[in-house]
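# Overview (structure and organization)
In case you want the letters, here they are:
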Amino acid sequence: MTQPPRVGVMGGTFDPIHHGHLVAASEVAARFELDEVVFVPTGVPTFKQDVEVTVAEHRYLMTVIATASNPRFTVSRVDVERPGVTYTVDTLRDLKERRPDADLFFITGADAVAQILEWKDAEQLFSMARFVAVTRPGHALSVEGLPVDRVSVLEIPALAISSTDVRARARAGEPVWYLVPDGVVQYIAKHGLYRGQS
Ligand code: ATP
Ligand code: MG
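Residues numbered from 1 in each chain as written. Chains lettered and ligands numbered in written order. Predicted model: local features only at pLDDT ≥ 70, side-chain atom pairs only at ≥ 80, totals over all residues.

Definition in use: UniProt positions are given in the numbering used here, feature names are shortened, and annotations may be inferred rather than shown by experiment.
In the annotation of an unreviewed UniProt entry, the entry for the chain reads Probable nicotinate-nucleotide adenylyltransferase, and the organism field reads Cellulomonas alba. Recorded under Sequence similarities (unreviewed entry), the UniProt text for the chain is reproduced unchanged: "Belongs to the NadD family." According to its UniProt record, the chain has this under Catalytic activity (unreviewed entry): "nicotinate beta-D-ribonucleotide + ATP + H(+) = deamido-NAD(+) + diphosphate".

### What about the site of ligand 1?
Inclusion rule: We call a residue near a molecule or strand when the C-beta position, derived from backbone atoms, sits within 6 Å of it. The numbering of helices and of strands both runs from the N terminus, where a helix is a DSSP run of H or I of at least 4 residues and a strand a run of E of at least 2. In this classification, Asp, Glu, Lys and Arg are treated as charged, Ala, Val, Leu, Ile, Met, Phe, Trp, Tyr, Cys and Pro as nonpolar, and every other residue, Gly included, as polar.
Around ligand 1 sit 18 residues in total, of which Gly12, Gly20, Gly109, Ser163 and Thr164 are the nearest. Sorting the residues of the shell around ligand 1 by element identifies helix H1 (19-31), strand E4 (103-109), helix H5 (110-113) and helix H7 (163-172) as the ones contributing at least two each. Looking at which element gives the most residues to the shell around ligand 1, the answer is H1, with three residues. Among the residues making up the shell around ligand 1, the classes are represented as six nonpolar, nine polar and three charged.

### Observations concerning unusual backbone geometry
For clarity, the cut-off: The burial label depends on the number of other C-beta atoms within 10 Å of a residue's C-beta. Counts of 20 or more mean buried, 12 or fewer mean exposed, and intermediate counts mean partly exposed, with C-beta atoms placed from the backbone.
Residue aspartate 15 is joined to proline 16 through a cis peptide bond whose omega torsion reads 0°. Within the secondary structure, proline 16 sits in the loop between strand E1 (6-12) and H1. Even without glycine at this site, tyrosine 194 takes up a positive phi of about 70°. Tracing the backbone through its elements, the reader meets tyrosine 194 in the segment after helix H8 (182-191). Classification of tyrosine 194 by C-beta neighbours within 10 Å gives partly exposed; the count is 18.

### Topic: the pairing of E4
Definition in use: At least two DSSP bridges between two strands are required for those strands to pair.
Among the seven residues that make up E4, six are buried, leaving the element largely enclosed by the rest of the structure. Sheet analysis places E4 next to strand E5 (residues 130-134), joined by five bridges and oriented parallel. The partner of glycine 109 across the bridge, within E5, is valine 134.

### Quick notes on the sheet that holds E4
Heads up, the condition is: Axis geometry follows a simple rule: fit a line to the C-alpha atoms, using only the stretch in contact for helices, then measure angles between N-to-C directions, giving values from 0 to 180 degrees.
Taking strand neighbours across the sheet as the criterion, the six strands line up as E3-E2-E1-E4-E5-E6 in an open arrangement whose pairing is parallel. Each edge of the open sheet is held by one strand with a lone partner, namely strand E3 (73-75) and strand E6 (151-154). Within this sheet the neighbouring strands show an average axis-to-axis angle of 25°, counted without direction. Sheet topology places E5 next to E6; four bridges connect them, and they run parallel. What sits directly across from valine 132, in E6, is serine 152.

### As for the confidence of the model for the chain
Formally: Along the chain, pLDDT gives the predictor's confidence residue by residue, from 0 to 100. We call two residues in contact when their backbone-placed C-beta atoms lie within 7 Å.
With 93% of its residues at a pLDDT of at least 70, the chain reaches an overall mean of 92. Every residue in residues 45-53 is under pLDDT 50, and counting partners more than four places away or in other chains gives six contacts.

### Examining H1
Put simply, the rule is: Expected span, for any helix, means 1.5 Å times one less than how many residues it has.
In this model, H1 (13 residues) spans 18 Å end to end at C-alpha, consistent with the 18 Å of a helix rising 1.5 Å per residue. Here H1 has its buried residues at Gly20, His21, Leu22, Ala24, Ala25, Val28 and Ala29.

### Let's talk about the nonpolar core
Among soluble globular proteins, nonpolar side chains are generally buried collectively. Heads up, the rule is: Only buried residues count toward a nonpolar core: Ala, Val, Leu, Ile, Met, Phe, Trp, Tyr and Cys, linked into one set through C-beta atoms within 7 Å.
Val9, Ala25, Val28, Phe105 and Ile107 are the most contacted members of the largest nonpolar core, which has 44 residues in total. Per-element accounting of this core gives the leading share, five residues, to H1. If near-sequence neighbours (up to four positions away) are discounted, phenylalanine 105 is found in contact with Arg6, Val7, Gly8, Val9, Val28, Phe32, Leu34, Ala129, Arg130 and Val132.

### Topic: the environment of proline 175
Counting through the fold element by element, proline 175 comes out in the loop between H7 and H8. We classify proline 175 as exposed; it has 9 C-beta atoms within 10 Å. Between the C-alpha atoms of proline 175 and threonine 74, which are 101 residues apart in sequence, the distance is 27 Å.

Structure follows, in structure tokens:
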């Protein structure tokens, strides 16, 4: 009998995607024997739609560029295309609809995992996917209060990279080489992203 496909789900703003995201996804894929990891850039908050729709496309395209060379990495537009604020419960529901046979593994960093219980429909989330909490420099990893049978913890090689730092560097004209994939460095320069933002 064939096993259900094991599919990782890496949700994020990816503004921009960086090597911390990619290492986390790669490590979880290896450890949990995933067949695929779907990267899901978040949609836009409704209150800023005009400004941010373009940005969502940029974030999506940078995610495509960053993941293109890995045969197990794919990118989904479910969150980018769903109007309104992105909730993980909707992301998982939409992915499950497209892949009803798959076992989903939602990958999340220490900062995000600490907030899961505050997410919309938190109790439901754990029946929709297993959660893999990965370490992240500067953030204590605590899975207290989360269901132990549905949440795993994985220590990954520490990469103290954040999108916030990458944006600040781009804004200041400092190098972002090697923090993000080469194609993303070039994409940021080509489109003049993160210039003049606060
Ligand atoms: P920002 O600084 O804008 O918040 P970010 O670097 O935190 O960006 P996100 O898109 O917010 O990136 O993160 C998506 C997911 O990746 C989250 O679960 C986050 O915890 C995780 N993550 C981000 N950076 C790292 C890292 N360096 N190591 C491990 N996990 C990370
Ligand atoms: Mg973040």
